[in-house]
Amino acid sequence: MNMIRSISIVIPLYNEENNLAPLCEQLSCVMNQLKLESEVIFVDDGSIDASFACLDNIINGDNRFKALRFGRNFGQTAAMAAGIVESSGDVIILMDADLQNDPLDIPLLLNKINEGYDVVSGWRYYRKDSFAKKMSSMLANKLISKVTGVVLHDYGCSLKAYRSEILKNIRLYGEMHRFIPALASITGAKICEIQVNHNPRISGKSNYGMERVGKVIMDLITVKFLLSYLTKPNYIFGKWAAYLFISAILLVSICIPLGIQRAGLMGGIMILAGLQLISMGLLSELMVRIYYESQNKPTYFIKERKNFKNLGK
Ligand code: UDP
Ligand code: MG
């Protein structure tokens with residue numbers, strides 16, 4: 001297993017002007033201790049306060065700190081994605097800018113990566129958020145773990161470490177940052193979790209309320225579909241079409257002899273719905289091909305290569 005030589009810490013931020021100076025100080029201490037090649041990539045997600053000007057001041061002259069600025073607010077996921085594209089470390093650490101995550105946990109995450117894990121997920125064991133937030137998050141974590149098969153206590157904790165090749169292979173849309181470990185499992189990533197610190201938010205305000213519940217449920221359906229059927233969507237549509245056809249045949253052959261004429265209509269509707277599912281499946285098959293072939297993306301993930309030098313070179 002490759003030892004870590006360099007790390008990139010990616011930090012999305014939106015209106016965090018008062019948190020940035022103490023955060024940079026803490027990060028600087030941790031990077032000095034680590035003695036690895038390190039960079040911090042801040043992504044200002046269209047802040048409307050003085051965050052970017054503060055950053056500019058703080059990081060001036062220290063080229064371990066880098067900053068990107070979006071033209072408007074694109075969301076935390078997009079900001080993470082931009083930072084991931086720019087990062088060049090062997091390991092990428094994602095965290096929040098609001099001082100709720102503790103940079104002192106970074107060495108602990110890295111220890112686990114050095115033990116051979118590809119993804120190390122932070123678990124805010126003593127979480128300093130409202131009761132409603134903690135309850136809804138606990139239920140969401142149980143549901144996501146059950147549906148995706150990747151069992152974690154805290155999907156919502158941003159503070160996580162990833163081997164770069166794993167994270168760079170994942171495309172993030174919408175608010176999918178909460179599902180990165182589940183998406184990483186598609187490549188066969190080895191995943192573990194460790195308890196991390198969590199502080200209450202002192203300055204600025206949280207960007208998420210209860211509206212995230214609906215989004216998480218919709219995203220979970222997408223993730224489940226990606227995990228199970230990304231390269232074979234017709235299997236799921238075809239399966240449900242087959243159920244509909246069989247039910248229609250059973251319905252008609254049992255009910256019509258009993259004189260229940262409406263069963264014919266029901267059976268017809270079921271067959272039509274089945275045909276629609278089959279056409280959706282075929283369309284999805286086409287889209288999957290476009291998805292993979294348009295970006296030359298393989299349908300597999302190679303973890304390591306040995307002795308693969310071209311002949312004659
Ligand atoms: N954030 C962002 N863009 C957004 C919303 C949030 O970059 O549109 C950043 C925010 O500045 C913070 C992190 O994402 O660094 C987590 O956000 P927040 O603290 O609001 O989430 P919570 O901790 O309340 O779940
Ligand atoms: Mg926060």
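Summary of the structure given here. Just so it is clear, the model here is predicted, and its values are computed rather than measured. (Residues numbered from 1 in each chain as written. Chains lettered and ligands numbered in written order. Predicted model: local features only at pLDDT ≥ 70, side-chain atom pairs only at ≥ 80, totals over all residues. Heavy atoms only, no water.)

1. So, the environment of L94
Move 1: On the secondary structure map, L94 appears in strand β4 (residues 91-94).
Move 2: On the basis of relative accessible area, L94 is assigned to the buried category, the value being 1%.
Move 3: Along the backbone, L94 and S137 are 43 residues apart, and their C-alpha atoms lie at a distance of 19 Å.
Move 4: Leave out the neighbours within four places in its chain, and L94 touches V10, M80, I84, S158, L159, K160, Y162, L167 and I180. (Helix = DSSP H or I, 4+ residues; strand = E, 2+ residues; numbered from the N terminus. Buried < 20%, exposed > 50% of the residue type's maximum accessible area, 1.4 Å probe, protein only. Contact = heavy atoms within 4.5 Å.)

2. Concerning the coordination of the magnesium ion (ligand 2)
Move 1: Within the protein, D98 (OD) and Q100 (OE1) serve as the donor atoms for the magnesium ion (ligand 2), at 1.9 to 2.0 Å.
Move 2: A residue is classified by how much of its surface remains accessible, and D98, at 5% relative accessible area, is buried. (Donors = N, O, S within 2.8 Å, 3.2 Å for Na, K, Ca; no water.)

3. A look at the sheet that holds strand β3 (residues 65-69)
Move 1: Spatially, seven strands are ordered β3-β2-β1-β4-β6-β5-β7 in an open sheet, and the strand pairing comes out mixed. At either end of the open sheet lies a strand with only one pairing partner, and these are β3 and β7 (191-196). Between one strand axis and the next, the sheet turns through 20° on average, direction left out of account.
Move 2: Across five bridges, the pairing between strand β2 (residues 37-44) and β3 is parallel. Pairing of V40 across the sheet is with F65, part of β3. (Pairing = 2+ DSSP bridges. Axes fitted to C-alpha atoms, helices over the stretch in contact; angles between N-to-C directions.)

4. Focus: the nonpolar core
Burial of nonpolar side chains together is a common tendency in soluble globular proteins.
Move 1: In this structure, I9, I11, L27, F42, I93 and I106 are the most contacted members of the largest nonpolar core, which totals 34 residues.
Move 2: Going through the elements one at a time, β1 (6-13), α1 (20-34), β2, α2 (51-59), β4, α4 (106-114) and β7 are the ones with two or more residues in this core.
Move 3: Considering every element that reaches this core, the biggest residue donor is α1, with seven residues.
Move 4: Counting residues in hydrophobic clusters, the runner-up holds 30 residues, among them L94, I166, L220 and V223. (Core = buried A, V, L, I, M, F, W, Y, C linked by side-chain atoms within 4.5 Å.)

5. A few points about the packing of aromatic side chains
Move 1: What the rule picks out here adds up to eight aromatic pairs.
Move 2: A centroid spacing of 6.3 Å and a plane angle of 10° characterise the contact between F42 and F65, whose relative ring orientation is stacked. Remark: F65 occurs in strand β3 and F42 occurs in strand β2; sequence separation between them is 23 residues.
Move 3: We classify F65 as buried; its relative accessible area is 8%.
Move 4: When the centroid spacing of 5.2 Å and the interplanar angle of 85° are considered together, the rings of W240 and Y243 count as edge-to-face. Residue W240 and its partner Y243 are located together in helix α9 (residues 233-255), separated by three residues, close to a single helical turn.
Move 5: Its relative accessible area of 49% is what places W240 among the partly exposed residues.
Move 6: In this structure an aromatic cluster arises from ring pairing among W123, Y125 and Y126.
Move 7: In this structure, R178 packs its charged tip against the face of Y208, placed 5.4 Å from the ring centre. (Phe/Tyr/Trp six-rings, centres within 6.5 Å; stacked < 30°, edge-to-face > 60°. Lys NZ or Arg CZ within 6 Å of the ring centre and 35° of its normal.)

6. Here we look at the site of ligand 1
Move 1: In the region of ligand 1, 18 residues are neighbours, and E16, D45, D98, S206 and N207 sit closest.
Move 2: A97 is positioned with one of its backbone polar atoms (N or O) 2.8 Å from an oxygen atom of ligand 1.
Move 3: One of the side-chain nitrogen or oxygen atoms of Q100 is found 3.1 Å away from an oxygen atom of ligand 1.
Move 4: In isolation ligand 1 has 530 Å² of accessible area, and contact with the protein removes 95% of it.
Move 5: Residues belonging to the shell around ligand 1 are distributed by class as follows: five nonpolar, six polar and seven charged. (Near = heavy atom within 4 Å. Polar contact = N/O pair within 3.5 Å; in protein donor to acceptor, adjacent residues only side chain to side chain. Areas by Shrake-Rupley, 256 points an atom, 1.4 Å probe, with all protein chains shown as cover. Nonpolar A, V, L, I, M, F, W, Y, C, P; charged D, E, K, R; others polar.)

7. A short note on the environment of P22
Move 1: The residue P22 is located in helix α1 in this model.
Move 2: For P22, a relative accessible area of 29% translates into the label partly exposed.
Move 3: Once the C-alpha coordinates of P22 and I58 are considered, the two residues, 36 residues apart in sequence, prove to be 9.9 Å apart.

8. Description of the state of the cysteines
Move 1: Evaluation of the coordinates by the stated rule reveals zero disulfides.
Move 2: In this model C24 remains outside any disulfide bridge; the closest cysteine sulfur is found in C54, 10.0 Å from its own.
Move 3: Not engaged in a disulfide, the cysteine C192 finds its nearest cysteine sulfur in C157; these two sulfurs lie 13 Å apart.
Move 4: According to the relative accessible area criterion, C192 is buried, its value standing at 12%. (Disulfide = S-S within 2.5 Å.)

9. A closer look at a nonpolar patch on the surface
Move 1: Side chains of L143, M210, V213, I217, M218 and I221 sit close together on the surface and give an oily, nonpolar patch of about 560 Å² of accessible area.
Move 2: Among the elements that make up the nonpolar patch, the one with the highest residue count is helix α8 (residues 212-229) (four residues).
Move 3: With respect to the helices and strands, I217 occurs in helix α8. (Patch = residues over 30% accessible without salt bridge, like charges linked within 9 Å, V, L, I, M, F, W, Y side chains within 5 Å. Salt bridge = Lys/Arg side-chain N within 4 Å of Asp/Glu carboxyl O.)

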